[in-house]
Amino acid sequence: MKYVFGPVNSRRLGISLGIDIVPYKTCPFNCIYCECGSTTDLTDEVKEYFPFEEIVSEINQTLDKGPAIDVVTFSGSGEPTLNSRLGDIINYIKTVYPQYQIAVITNSSLLNRYDIRRRILKADIIYPSLDAVSEDVFNKIMRPLAGTKPEAIIESIVSLRKEFKGLLCVEIFIIAGINDADDELSKLKNACIKINPDEIHLNSLDRPGAEEWVKPMDELNMERVKMFFYPLPVKLVGRARSNSDITEFYSNLEKNVIDTIREDGLAAKEISGQLGIRLFDVLRVLKNLQKKGLVKKFSDINGEVYRSN
């Protein structure tokens, strides 16, 4: 499928069926910790990136089977609020499949727009990100489009809190040596007091980010950061619990990727197209295969290609 993926083991939401409704790495931010890699299309253009009918068709194919999932999540490899039909898709699921909860994971970059906030108000859970308050720290982490200011992000989440009736969880990604100093944590805490979310979720690196130098925070320091936010309702986001179905999916995909790669090499997009698998999943598998020494990456006149060893 092109738009629906999983179910995946979410560290925040349990067993989550993902819906990815913007092209790979299309985003107003280029976050240093993004597990999908660096942003290739840095944009805040809101439009119908993919046909509404195609997305709904895949949703029907999946949810008609009544899968045992905890939540349907809009996230994936780009910023979901960039899709102008996000609200229509949420309303469709709420109407046809009301038994499923809906979550929206957003980097908050577009929440200053009322029309964007209005589109996600029928979700059950919203995770807006707020990783920094100081402008220099914000720019170092998010690497946003020019003109994006952290104070505007905070005010937009405050507005969303007033409008949204569901569960609002502010997510803060903690990066050692960047936003874990007492001064920045104090500013983040004050911002959270102003926002008044239902919960604050503290996250750290679980898989390799866009920049290799970004490292996970150790548990002791994460506990220190958690105590810093006391007495606010704060949680540490733990590692996802294991799931044999998900492990089997990626094991089968690894075999299919290796079988697809030709001796003269194949680009990730070509592998994705031949297998009918999301580019994000293909790139994740290729990275694992490289670590295992089963695949090598080369550059030629057509760009990066992959060959099996």
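Just so you know, these numbers come straight off a predicted model, no measurement behind them. (Residues numbered from 1 in each chain as written. Predicted model: local features only at pLDDT ≥ 70, side-chain atom pairs only at ≥ 80, totals over all residues. Heavy atoms only, no water.)

Engineer: Help me understand the environment of N288, please; the structure alone is not making it clear to me.
Structural biologist: Within the secondary structure, N288 is located in helix α10 (residues 279-291). The spatial distance from the C-alpha of N288 to the C-alpha of E254 is 8.5 Å, given a sequence separation of 34 residues. (Helix = DSSP H or I, 4+ residues; strand = E, 2+ residues; numbered from the N terminus.)

Engineer: Help me understand the pattern of salt bridges, please; the structure alone is not making it clear to me.
Structural biologist: Pairing of side chains with opposite charge becomes possible as their charged atoms draw close. Applying the stated criterion across every chain, the model contains 18 salt bridges. The partner of R85 in a salt bridge is D88, and the shortest N-O contact between them spans 2.5 Å. Residue classification places R85 among the partly exposed positions, given a relative accessible area of 22%. For D182, the salt bridge is made with R224, and the minimal N-O distance between the two is 3.5 Å. One end of the pair, D182, is in helix α6 (residues 182-195); the other, R224, is in helix α7 (residues 219-228), with 42 residues separating them in the sequence. For R224, a relative accessible area of 31% puts it in the partly exposed group. (Salt bridge = Lys/Arg side-chain N within 4 Å of Asp/Glu carboxyl O. Buried < 20%, exposed > 50% of the residue type's maximum accessible area, 1.4 Å probe, protein only.)

Engineer: Even after reading the chapter, I still don't get α6, so can you show me in this structure?
Structural biologist: Side chains three or four residues apart in an α-helix point the same way, a direct result of the helix having 3.6 residues per turn. Taking 1.5 Å of rise per residue, the 14 residues of α6 would be expected to cover 20 Å, and the 20 Å separating its terminal C-alpha atoms lies within 8% of that figure. Buried residues belonging to α6 abut α4 (135-142), α5 (150-163), β8 (167-173), β9 (199-203) and α7. One or two positions beyond α6, positive phi appears at N196, with a value near 60 degrees. (Expected span 1.5 Å × (residues − 1). Contact = heavy atoms within 4.5 Å.)

Engineer: Looking at this structure, how should I read the side chain of R117?
Structural biologist: Relative to the helices and strands, R117 resides in helix α3 (residues 114-119). According to the relative accessible area criterion, R117 is buried, its value standing at 8%. Here E163 takes part through its side chain, which lies 2.9 Å from a polar atom of the side chain of R117. Each residue touching R117, except ones within four places of it in the same chain, is listed here: L111, N112, S156, S159, L160 and E163. (Polar contact = N/O pair within 3.5 Å; in protein donor to acceptor, adjacent residues only side chain to side chain.)

Engineer: What exactly am I supposed to notice about the sheet that holds strand β5 (residues 71-74) here?
Structural biologist: Read from one edge of the open sheet, 8 strands run β1-β2-β5-β6-β7-β8-β9-β10, paired in mixed fashion. The open sheet terminates on both sides in strands that have one partner only, identified here as β1 (4-10) and β10 (234-236). Pairwise comparison of adjacent strand axes, ignoring direction, gives a mean angle of 25 degrees for this sheet. By the bridge criterion, 2 bridges tie strand β7 (residues 125-128) to β8 in an arrangement that is parallel. Paired with I125 across the bridge in β8 is L167. Packed on one face of the sheet, helix α1 (residues 52-63) meets β1, β2 (14-19) and β5 and runs near 150 degrees to β2. (Pairing = 2+ DSSP bridges. Axes fitted to C-alpha atoms, helices over the stretch in contact; angles between N-to-C directions.)

Engineer: Is there a simple way to explain the packing of aromatic side chains in this structure?
Structural biologist: Two measures describe an aromatic ring pair: the distance that separates the ring centres and the angle between the ring planes. Enumeration according to the criterion identifies 3 aromatic pairs in this entry. Between F29 and F138, the aromatic rings sit 5.8 Å apart at their centres with planes inclined by 85 degrees, giving edge-to-face as the arrangement. Of this pair, F29 sits in the loop between β3 (26-27) and β4 (41-42) while F138 is found in helix α4, placing the two residues 109 residues apart along the sequence. Its relative accessible area of 1% is what places F29 among the buried residues. Residue class for F138 comes out buried when judged on its relative accessible area of 3%. Here Y33 and F173 contribute two aromatic rings whose centre-to-centre distance is 3.8 Å and whose plane-to-plane angle is 5 degrees, an arrangement assigned as stacked. Taken as a pair, Y33 in the loop between β3 and β4 and F173 in strand β8 lie far apart in primary sequence, 140 residues in all. Looking at F173, the relative accessible area reads 8%, which means it is buried. Over the aromatic face of F298 sits the side chain of R307, whose NZ or CZ is 4.5 Å from the ring centroid. (Phe/Tyr/Trp six-rings, centres within 6.5 Å; stacked < 30°, edge-to-face > 60°. Lys NZ or Arg CZ within 6 Å of the ring centre and 35° of its normal.)

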